[in-house]
Amino acid sequence: METLAYGFPKLGEKREFKNLLENYWKGKISEEDLIKGMNALRDWMVGLYKDAVDLFPSNELSYYDFMLDTAIMVGAVPSRFGEFKGLSTYFEMARGSQALEMTKYFNTNYHYLVPELEGTNFKLLKNYPLEEYLYFKSKGIETLPKIISPYTFLKLSKALVKGSSPLPVYYLSKIEKLEDLERYLLALLPVYEEVLKQLRQEGAKVVLFEDPALCYEMESQEWDLVHEMYKRLSEHADIYVLTYYDSVSDYKRFVDLPVKALGLDLVSNTENLENIRKHGFPSDKKLIAGIINGRQVWRASLVEKIRLAEDLLKHAQHLIISNSCPLFHLPVSIQPEEDLPVGLKERLAFAKEKLQELNLIKRAIEGDQQARMMVEKVENIVRTPFGVNEEVRRKVRALTERDFQRELDYKERIKLQQEILRLPTFPTTTIGSFPQTEEVRKMRASYSAGKVSQKEYEEFIKKQIQHVIRVQEEIGLDVLVHGEFERTDMVEFFAQKLEGIATTKHGWVLSYGSRVYRPPIIYGDVYRPSPMTLKEITYAQSLTEKPVKGMLTGPVTILNWSYYREDIPKKEIAYQIALALLEEVKDLEKAGIKIIQIDEPAFREGAPIKRKDWDEYFDWAVKAFRLCSRANPQTQIHTHMCYSEFNDVIEYIYQMDFDVISIEASRSKGEIISAFEKFKGWDRQIGIGVYDIHSPAVPTKESIRSILERAMKVLPKELLWVNPDCGLKTRRWEEVVPSLKNMVEVAQELREKYATV
Ligand code: GLN
Ligand code: ZN
């Protein structure tokens, strides 16, 4: 038996990766220093692997994103970037004013850059896998170059296609048709073959192919293509295929692929294991068994894992045990955490500790006494129940259908709401946060470090709120927000206020580029000890006649952006959080708040990979939202979603029964609008994001108008709200004010044009 690990978080022990990149972008360090720093991180990562496992990859230290690297490797650099000139073009594509679209990697919170294919003219532009392989080889370290498979690459890419009204002339779309997929694949294969040839020349025997798209539901002809693909690639290397996040869509076709080793995720699903037991595993191939959870932070029951590995040894002649999916969903190490609730730390394992688990399992199976003792010790810890609150459980058990249903239908509610709110057509608003300046961040940090008193801090926040209310009134927005200055992060903020959820100090994870966040850890039954947002929202409302939105993060998003316990169903955790949020909603109503926005940007990403599993997920996800938003009929419930593919889930979104939704649309242009074309009978109010808040550029009135005019072709104008596509916290005031002014002016012009008030 061997051990393999992959996908280790590249962030570094002290977020070195982030600092390097940001210092380089700010011009504080040279390209040479950047490369040096990145190499140090490479050495560190591979050093950790080397000490713990037998097999480990190279080509894992992308400077921004591995999908971007793959696109560049095969020469898919869109023409607007001109000729590829190294790092400058690289970062233009990643984060320039015309950067590639960004979206979530499968059902995770990692965002990748979507390759844009302008045609089938691929060529080997940069052999990144070779470069890294050679880097380590020169140090005498043998690694397995790791590459995204051509199939997964194409499934996650978008290709330029010709559109017809209301879409632009050319737009980007996923490659859906089999014949198109085949055409692109055939064009792409020679490039991959060249990569492999060059690798082989330099001595690389085994190459790891990441192919998680094999977990999507696939037609049999697609499997034919994949089979052919691996047949050709196998002529140039010993190929190990990794799949993860779900079971492979067709086990028999998968194990029949002409490769040397096959990787299966045995944690996220039960099908893979059932299939191994039922159909066996080919004796001429190696099984890479993903048995250590790469997405959750719990220490594994090693007794259970050893039993599993021993069982697998009966089915597979060659067994390699591994993590279930890339480890970059985890923080680097649990070691530096000092302030966790008593008893929690010893139950946790982050990436480094997961490597140790693989190491321990192997040693214990081989009879190492010390390892066996360790296994026993862990077992005692993970077996004892933790964080139970009987009252919370009772409340969840007592829920009935009525708890998920608002008193009146939308049509009735909206009349009551309009009587109170008296909003004009094309009402204008923002998504919630306003610029988090250096000053704001410093103040929050000083407060949490105990350097500033609570009183001083609260005064400071009040000043920020006063300012943001004044600015919004001056701009002429219709529905105001308090600005979210007291929040580090929309999930972490609530996690800190709720019982049963822990937050970490150092548990950073990359979500894209250099952006990091600290996912909270839901370890026990969740409840709300006291109001969470009431003070700031009511203060903001006291300063203005205009409605201020109460601002909450939804239960599905809190859950999906946290690590969560595995001893009770996800659905139950969602309901627990929803009940806590409902208490907040009730308190806000009592305090006179008329509009409450419950953000659910992660609503879509929690959806299982396979559509057949969607109904079950969305059933409880929708219900969790409805549970927490069961407000009085006259309270207007808003929600917000962004940066996901929403087109195929609009039906579920509609079931959430909100009154107003704001949804991002500006990076993926017309697509979301066309989804509403297909959805018959959409009657909810909707704000299609009229500009991209990720760009520092001030949107022109023309561009804002054109999005609204396009939306009006599909949706009744009475339903439309006017807002940016997400919160403004990453922007600067100098950008925000003129952008919002343009937005408000367009709304006013449209009101005049259509002669409505
Ligand atoms: N209300 C949040 C904000 O404005 C929403 C953020 C998000 O959707 N990611 O920042
Ligand atoms: Zn958003």
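Residues numbered from 1 in each chain as written. Chains lettered and ligands numbered in written order. Predicted model: local features only at pLDDT ≥ 70, side-chain atom pairs only at ≥ 80, totals over all residues. Heavy atoms only, no water.

Draft legend 1. Highlighting helix α10 (residues 271-279). Along α10, the residues that are buried comprise N272, L273, N275 and I276. Each buried residue of α10 lies within a common arc of 160 degrees when the element is viewed along its axis, so the set occupies one face. Looking at the residues trailing α10, positive phi occurs at G280, about 75 degrees. (Buried < 20%, exposed > 50% of the residue type's maximum accessible area, 1.4 Å probe, protein only. Helix = DSSP H or I, 4+ residues; strand = E, 2+ residues; numbered from the N terminus. Arc of directions from axis to C-beta.)

Draft legend 2. Spotlight on the site of ligand 1. Taken together, I431, G432, S433, E484, M490, M551, D599, P601, H640, C642, C726 and G727 are the residues near ligand 1. Taking S433, its side chain carries an N or O atom lying 2.7 Å from an oxygen atom of ligand 1. Separating a nitrogen atom of ligand 1 from a side-chain N or O atom of D599 is a distance of 2.6 Å. Burial of ligand 1 by the surrounding chains reaches 90%, relative to a free accessible area of 300 Å². Here the shell around ligand 1 is built from residues that sort into 6 nonpolar, 4 polar and 2 charged. (Near = heavy atom within 4 Å. Polar contact = N/O pair within 3.5 Å; in protein donor to acceptor, adjacent residues only side chain to side chain. Areas by Shrake-Rupley, 256 points an atom, 1.4 Å probe, with all protein chains shown as cover. Nonpolar A, V, L, I, M, F, W, Y, C, P; charged D, E, K, R; others polar.)

Draft legend 3. Structural detail: the nonpolar core. Of all hydrophobic cores here, the largest spans 158 residues; its most connected members are F8, Y90, Y105, F153, Y230, F254 and L312. The element best represented in this core is helix α7 (residues 178-201), accounting for 10 residues. Setting aside residues no more than four positions away along its own chain, L312 makes contact with L266, L273, I276, L287, A289, I291 and L319. (Core = buried A, V, L, I, M, F, W, Y, C linked by side-chain atoms within 4.5 Å. Contact = heavy atoms within 4.5 Å.)

Draft legend 4. Representation of the packing of α10 against helix α11 (residues 302-315) in the model. Two numbers describe how α10 lies on α11: the axes approach to 9 Å, and their chain directions differ by 40 degrees. The angle between the axes of α10 and α11 places the two elements in the oblique class. In this structure, α10 meets α11 at a crossing whose hand is left-handed. In this structure, α10 uses L273, I276 and R277 to contact α11, whose residues at the interface are L308, D311, L312 and H315. Split into classes, the residues belonging to the contact of α10 with α11 amount to 4 nonpolar, 1 polar and 2 charged. (Axes fitted to C-alpha atoms, helices over the stretch in contact; angles between N-to-C directions. Parallel < 35°, antiparallel > 145°, perpendicular 65-115°, else oblique. Left-handed = near helix turned anticlockwise from the far one by under 90°.)

Draft legend 5. Region of interest: the coordination of the zinc ion (ligand 2). Taken together, the protein donors to the zinc ion (ligand 2) comprise H640 (NE2), C642 (SG) and C726 (SG), at separations of 2.1 to 2.3 Å. In terms of primary sequence, the donors binding the zinc ion (ligand 2) are separated according to H-x1-C-x83-C. Placement of the pair is H640 in strand β21 (residues 636-641) and C726 in the loop between β24 (720-721) and α26 (733-753), with a sequence separation of 86 residues. Both residues of the pair, H640 and C726, count as buried. (Donors = N, O, S within 2.8 Å, 3.2 Å for Na, K, Ca; no water.)

Draft legend 6. View of a nonpolar patch on the surface. On the surface, a nonpolar cluster with roughly 300 Å² of combined accessible area is contributed by L160, V169 and Y170. Among the secondary structure elements, Y170 is positioned in strand β8 (residues 170-174). (Patch = residues over 30% accessible without salt bridge, like charges linked within 9 Å, V, L, I, M, F, W, Y side chains within 5 Å. Salt bridge = Lys/Arg side-chain N within 4 Å of Asp/Glu carboxyl O.)

Draft legend 7. Main features of unusual backbone geometry. Phi at N59 is positive, roughly 65 degrees, even though this residue is not glycine. Here N59 is to be found in the loop between β2 (57-58) and α3 (66-73). A positive phi angle is found at F426, which is not glycine, with a value near 50 degrees. Relative to the helices and strands, F426 resides in the loop between α15 (410-421) and α16 (438-448).

Draft legend 8. A look at the state of the cysteines. Under the definition given, this model contains 0 disulfides. Here C215 stays unpaired: no disulfide links it, and the sulfur of C325, its closest cysteine neighbor, is 11 Å away. Residue classification places C215 among the buried residues on the basis of a relative accessible area of 0%. (Disulfide = S-S within 2.5 Å.)

Draft legend 9. Inspection of helix α22 (residues 614-628) at higher detail. The end-to-end C-alpha separation of α22 is 21 Å, in line with the 21 Å expected for 15 residues at 1.5 Å each. In terms of residue burial, α22 counts as a mostly covered element, since 12 of its 15 residues are buried. Of the positions making up α22, those classed as buried are W614, Y617, F618, W620, A621, V622, K623, A624, F625, R626, L627 and C628. Considering only its buried residues, α22 is in contact with α20 (555-560), α21 (570-590), β20 (595-599), β21 and α23 (650-654). (Expected span 1.5 Å × (residues − 1).)

Draft legend 10. Structural detail: the pattern of salt bridges. By the definition in use, this model includes 57 salt bridges. A salt bridge links D339 to K505; its shortest N-O distance comes to 2.6 Å. Note that D339 is positioned in the loop between β13 (318-323) and α12 (351-365) and K505 in the loop between β14 (499-502) and β15 (509-512), a separation of 166 residues in sequence. The exposure class of K505 is partly exposed, given its relative accessible area of 46%.

Draft legend 11. Region of the structure containing the packing of aromatic side chains. Enumeration according to the criterion identifies 39 aromatic pairs in this entry. Taking 5.6 Å as the distance between ring centres and 20 degrees as the angle between the ring planes, the aromatic pair formed by F434 and W733 counts as stacked. Pair noted here: F434 is in the loop between α15 and α16 and W733 is in helix α26, with a separation of 299 residues, a long-range link. As far as the burial class goes, F434 and W733 line up, both buried. Considering the side-chain rings of Y654 and F679, the 5.2 Å spacing of their centres and the 50 degrees angle between planes classify their relative orientation as tilted. With Y654 in helix α23 and F679 in the loop between α24 (671-678) and β23 (685-688), this residue pair connects regions lying 25 residues apart in the sequence. The burial state of Y654 is the same as that of F679; both residues are buried. Taken together, the ring pairs connect Y6, F66, Y105, F106, Y110, Y112, Y216, Y244, Y245 and F328 into an aromatic cluster. Here the basic side chain of K462 rests over the ring of Y539, its NZ or CZ set 5.1 Å away from the ring centre. The lysine or arginine in question, K623, covers the ring of F404, its NZ or CZ lying 4.8 Å from the ring centre. (Phe/Tyr/Trp six-rings, centres within 6.5 Å; stacked < 30°, edge-to-face > 60°. Lys NZ or Arg CZ within 6 Å of the ring centre and 35° of its normal.)

Draft legend 12. Here's a closer look at the sheet that holds strand β17 (residues 521-527). The strand order across the open sheet built from 3 strands is β14-β17-β19, with neighbouring strands paired in mixed fashion. Two strands in the sheet have a free side with no partner beyond their single neighbour: β14 and β19 (563-564). Where β14 and β17 come together, 3 bridges link them in antiparallel fashion. The residue of β17 that forms the bridge with A502 is I521. Sheet strands touched by α21: β17 and β19. Its angle to β17, the strand with the most contacts, is close to 55 degrees. (Pairing = 2+ DSSP bridges.)

Draft legend 13. Focus on the sheet that holds strand β18 (residues 549-553). Pairing is parallel in the open sheet, where 6 strands are placed in the order β18-β20-β21-β22-β23-β24. On the outer flanks of this sheet lie β18 and β24, each paired with one strand and no other. Bridge count for β20 against β21 is 5 bridges, and the pairing is parallel. Counterpart to I595 in the pairing with β21 is Q636. Contacting β20, β21 and β23, α15 crosses the sheet at an angle of about 105 degrees to β21.

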